[in-house]
Amino acid sequence: MGQKVHPIGFRVGIIREWNSRWYAEKNFQRFLHEDLAIRRFLKKKLYHAGISKVTIERAANKAKVYVHAAKPGIIIGKRASGLDALRADLQKMSDTEIFLNVIEVRKVETDAQLVAENIGAQLEKRVSFRRAMKKAVTQARRSGAKGIKVMCGGRLGGAEMSRREVYREGRVPLHTLRADIEF
């Protein structure tokens, strides 16, 4: 078996924070499954809004859900009607009172999750994998990323044999805990 360490789990407590910030002795399982269900629901329902990450904080009988999105206007809607409807849907999933905050992702081209989803969407539209990957690399570098590494795998270009293609540019330090990297 390989001895690889997850890069985000490796950095938690040093330069990264947990995606769920709460402590529970009795209701740990319920809270954990609730968090997973909330994340899954938001990602599925708001996929077109470009969800980067969902952070959840709990205290007493309240849960604050922070949704980091590329297009917050789609989530909020006119006169915050979309936000109220979404809060009501989330309230049905949980016993605790839920507060919903939408945070805009400033640089979409440098957010790893959004870059990967963009490349995936292009591949679904039958765009050449080389063009999609190289375009993502150049856009990220142009918008201020110090380095980027993009990897695609599978039956690239409809080939019989699956393979993996990697494009990297700039600094991509994976060996230091202080490197602020995203996956």
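What counts and how
- Residues numbered from 1 in each chain as written.
- Predicted model: local features only at pLDDT ≥ 70, side-chain atom pairs only at ≥ 80, totals over all residues.
- Heavy atoms only, no water.
- Pairing = 2+ DSSP bridges.
- Helix = DSSP H or I, 4+ residues; strand = E, 2+ residues; numbered from the N terminus.
- Expected span 1.5 Å × (residues − 1).
- Buried < 20%, exposed > 50% of the residue type's maximum accessible area, 1.4 Å probe, protein only.
- Arc of directions from axis to C-beta.
- Contact = heavy atoms within 4.5 Å.
- Salt bridge = Lys/Arg side-chain N within 4 Å of Asp/Glu carboxyl O.
- Patch = residues over 30% accessible without salt bridge, like charges linked within 9 Å, V, L, I, M, F, W, Y side chains within 5 Å.
- Areas by Shrake-Rupley, 256 points an atom, 1.4 Å probe, with all protein chains shown as cover.
- Core = buried A, V, L, I, M, F, W, Y, C linked by side-chain atoms within 4.5 Å.

**Brief notes about the sheet that holds strand β1 (residues 20–21)**
Judged by pairing direction, the sheet is mixed, and its four strands sit side by side in the order β1-β2-β3-β4 without closing on themselves. Whereas interior strands pair on both sides, the edge strands pair on one side only; in this sheet they are β1 and β4 (97–104). Sheet topology places strand β3 (residues 62–69) next to β4; eight bridges connect them, and they run parallel. Bridge pairing in β4 places V65 opposite L100.

**Remarks on helix α2 (residues 28–45)**
With 18 residues, α2 extends 26 Å from end C-alpha to end C-alpha; this agrees with the ideal 26 Å at 1.5 Å per step. Of all the residues in α2, the buried ones are F31, E34, D35, I38 and L42. Buried residues of α2 fall within an arc of 100 degrees about the axis and therefore sit on the same side. Those residues of α2 that are exposed and angled more than 90 degrees off the buried face are Q29, R40 and K44. Contact partners of the buried residues in α2: β1, β2 (51–59), β3, α4 (81–93) and β4.

**Here we look at the pattern of salt bridges**
This model, assessed by the stated rule, comprises 12 salt bridges. Across the pair R30 and D95 runs a salt bridge whose closest N-O atoms are separated by 3.6 Å. Linking R30 in helix α2 with D95 in the loop between α4 and β4, this pair joins segments that are 65 residues apart in sequence. The class of D95 is exposed, set by a relative accessible area of 66%. What emerges from the salt-bridge pattern is a single network uniting R30, E34, D35, R58 and D95.

**Overview of a nonpolar patch on the surface**
Taken together, F28, L32 and L36 make up a surface patch of nonpolar side chains, about 250 Å² in accessible area. Secondary-structure assignment places F28 in helix α2. Relative accessible area serves as the criterion here: at 44%, F28 is assigned to the partly exposed category.

**Examining the nonpolar core**
The biggest cluster of nonpolar side chains holds 17 residues, and the ones touching the most others in it are L42, V65 and I75. For this core, the secondary-structure elements that each account for two or more residues are α2, β2, β3, α4 and β4. If we skip the residues at most four places from it in the chain, I75 touches L46, A49, I51, V67, A69, G82, L83, L86 and V102. V115, F129, A140 and I148 belong to the second-largest nonpolar core, a separate cluster that totals 14 residues.

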